[in-house]
Structure formats: structure tokens, C-alpha cells
Amino acid sequence: MTKKLIAGNWKMNGNLGANAQLLDAVLEGLGGRALACDVAVCVPAPYLLQVQGYQDRSRDSSGAPRLWLGAQDISRHESGAYTGEVSGRMLREFGVRFALVGHSERRQYHGETDETVALKAKAALSAGITPIVCVGETLAEREAGQTDDVVRRQLAAVIHENGHCITEIVVAYEPVWAIGTGKTASPEQAQQVHAVLRAQLGVASPAAGGIRILYGGSMNAGNAAELLAQPDIDGGLIGGASLKASDFLAIVGAAQVL
Ligand code: PEP
């Protein structure tokens, strides 16, 4: 069975003091043992150094961090005149293991296209960072019966650009209507889309069964177990609930027992 991944997305939240309080509590809750799932937090770029320290402190006896460091975005470019952007090589210097690409907030507010997202995934892979590629439909698209087409189109661009190393990515299905709204896709709705994505990945690679497909969208301590029990849901991308240690740890706990 694929090892589940629970990744927090702090979005543009936090400060040095609050981050320390949150991460002290998360590390204490994770305890000293090796975990049955991977746990990560994707943090704003100014906090990479701070959270790298927690990643280092969290190593288990095998040397693997119990808490992995993730970024929320990555430049598609390697270096140069791209003011404000952060390259994969820079992120690697801070020990970044995962980078979100194509989060719906980046697609919506920063005009990221499927092609940009695919190139960002490529930039991450070439820097040795695992991209967490976010896909998902808006409410209008769901109501128009376009969900499968939309997520397939978004993923197709990433497969097209990264075909030979597609097994190295993580996919996150995040229905836009469920992000930060308190409305969660039902386990059946989520599983149905995950199965569509799994089938598409299966055409691209015979090893698609090992590609982790996360669900994101108002996952919380109360609904995590049922969502994570679905056969094609290999973890969660957690926004709001990742900002409270007890909620985040409860979700990690749900992933551990499955
Ligand atoms: C997200 O930002 O990726 C997310 C899933 O947010 P929330 O859990 O708050 O819906």
C-alpha cells in the first residue's frame, strides 16, 4: 500500500512566534517514533529557514524527517531577471522536499495556466523537489458536468511535459468550491474523481498505482478518516486545519491507522 502523505498548506499565514508554537506542538504530537505516513508543511517563503530547523530536529533514528518542509510555489525558471520569484535551486538550499504547484489560488489570482503549472512541476523535478500538482474544478464547472474533463485537462498538461518522470509527482485533487469554504466533497465524490485521475495516470505509466493522489478541500479532524479510507485517496492537503496543531495531528492520526 502507498504510504499516505498529509501536507499542510499554511497559505499566507503565520509569524515567527506563532510558527514556533505550532511546530513545537506538532513535533511533540508526532512523538519520537517512525511514522506510518509522511507529514509535511508548505510554508511561506520567508519561513523556510525557520521550518528547515524543525525538519532537521524531527529526524527519526533512520535519519528521515518526521516533518518535511514544503514550499507553496516555485519558479518555472532556473535563474535570472524574474523579480519576486524563487527558484528550485534556492528552495533546495533550504532543504525543501515538496512544492505545491498550480494551487487554485495561484491559478485564480496569478493567472497560472495549465502550461505554466506543467513547467513549474518540471522545474521542481529537475531541482530534486517533489511537486504536489493541484487540480480541481470550480462550482460552475461541477454543475455543468465538466469535472472529469477539467481535471483531466489540467493533469494532461503535466503528463505531457513530464511524461518520463510522472511517477515522481504527487497529485492533489482540490475541488475549488471546497477550499476554505467548509464544504467538503463527499468521500464518494472525491473517490470518483481520484479514480478518474488514477486511470489517466495509468495510461501514462504502468506504475501509476504508486503515485500519491491527495484530497484537499476543508478536510478536518471530523471528516479525515472517511475520506482517507477511500481506495484512491492517498493523503490530504490541508489548509485551515493545518494551522491548529490538535486538528492537524488528528488528521495525521487518521492517516496513521489506515
Ligand atoms: C488548501 O488551501 O489547499 C486547502 C485545502 O484549504 P482548506 O483545507 O482550508 O480548504
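This text gives an overview of the structure that appears in the document. Nothing here was measured: the structure is a model prediction, and the numbers come from that model. (Residues numbered from 1 in each chain as written. Predicted model: local features only at pLDDT ≥ 70, side-chain atom pairs only at ≥ 80, totals over all residues. Heavy atoms only, no water.)

Now for the packing of aromatic side chains. Here a ring pair, both rings aromatic, is described through the centre-centre distance and the interplanar angle of the planes. Applying the stated criterion across every chain, the model contains one aromatic pair. Over the face of the ring belonging to tryptophan 68 we find arginine 97, whose NZ or CZ atom lies 4.7 Å from the ring centre. (Phe/Tyr/Trp six-rings, centres within 6.5 Å; stacked < 30°, edge-to-face > 60°. Lys NZ or Arg CZ within 6 Å of the ring centre and 35° of its normal.)

Looking now at unusual backbone geometry. A positive phi angle, near 55°, is found at lysine 11, a position not held by glycine. Mapped onto the elements of the fold, lysine 11 is located in the loop between β1 (5–9) and α1 (16–30). Non-glycine residue serine 218 carries a positive phi angle of around 55°. With respect to the element layout, serine 218 can be found in the loop between β7 (213–216) and α9 (224–228). Taking the relative accessible area as the measure of exposure, serine 218 reaches 18% and is therefore buried. (Helix = DSSP H or I, 4+ residues; strand = E, 2+ residues; numbered from the N terminus. Buried < 20%, exposed > 50% of the residue type's maximum accessible area, 1.4 Å probe, protein only.)

Looking now at helix α2 (residues 48–57). Among the residues of α2, Leu48, Gln50, Val51, Gln52, Tyr54 and Gln55 are the ones counted as buried. Residues of α2 that are buried make contact with α1, β2 (38–43), β3 (68–71) and α3 (88–93). (Contact = heavy atoms within 4.5 Å.)

Taken together, 14 residues surround the ligand, and among them Lys11, Glu174, Gly180, Ser218 and Gly239 come closest. In this structure, lysine 11 approaches the ligand through a side-chain N or O atom, which is 2.7 Å from an oxygen atom. A distance of 2.8 Å separates an oxygen atom of the ligand from a polar backbone atom of serine 218. When grouped by side-chain class, the residues that make up the shell around the ligand number four nonpolar, eight polar and two charged. (Near = heavy atom within 4 Å. Polar contact = N/O pair within 3.5 Å; in protein donor to acceptor, adjacent residues only side chain to side chain. Nonpolar A, V, L, I, M, F, W, Y, C, P; charged D, E, K, R; others polar.)

Note that valine 257 resides in helix α10 (residues 245–257). What makes valine 257 exposed here is its relative accessible area of 70%. Along the chain, valine 257 and isoleucine 129 lie 128 residues apart, while their C-alpha atoms are 27 Å from each other.

With that settled, consider the packing of α1 against α10. The geometry of α1 relative to α10 is characterised by a closest axis approach of 9 Å and an angle of 30° between their N-to-C directions. The angle between α1 and α10 places the two elements in the roughly parallel class. The interaxial crossing formed by α1 with α10 has right-handed handedness. In this structure, α1 uses Leu22, Ala25, Val26, Gly29 and Leu30 to contact α10, whose residues at the interface are Ala245, Phe248, Leu249 and Val252. Partitioned by chemical class, the residues of the contact of α1 with α10 number eight nonpolar, one polar and no charged. (Axes fitted to C-alpha atoms, helices over the stretch in contact; angles between N-to-C directions. Parallel < 35°, antiparallel > 145°, perpendicular 65-115°, else oblique. Left-handed = near helix turned anticlockwise from the far one by under 90°.)

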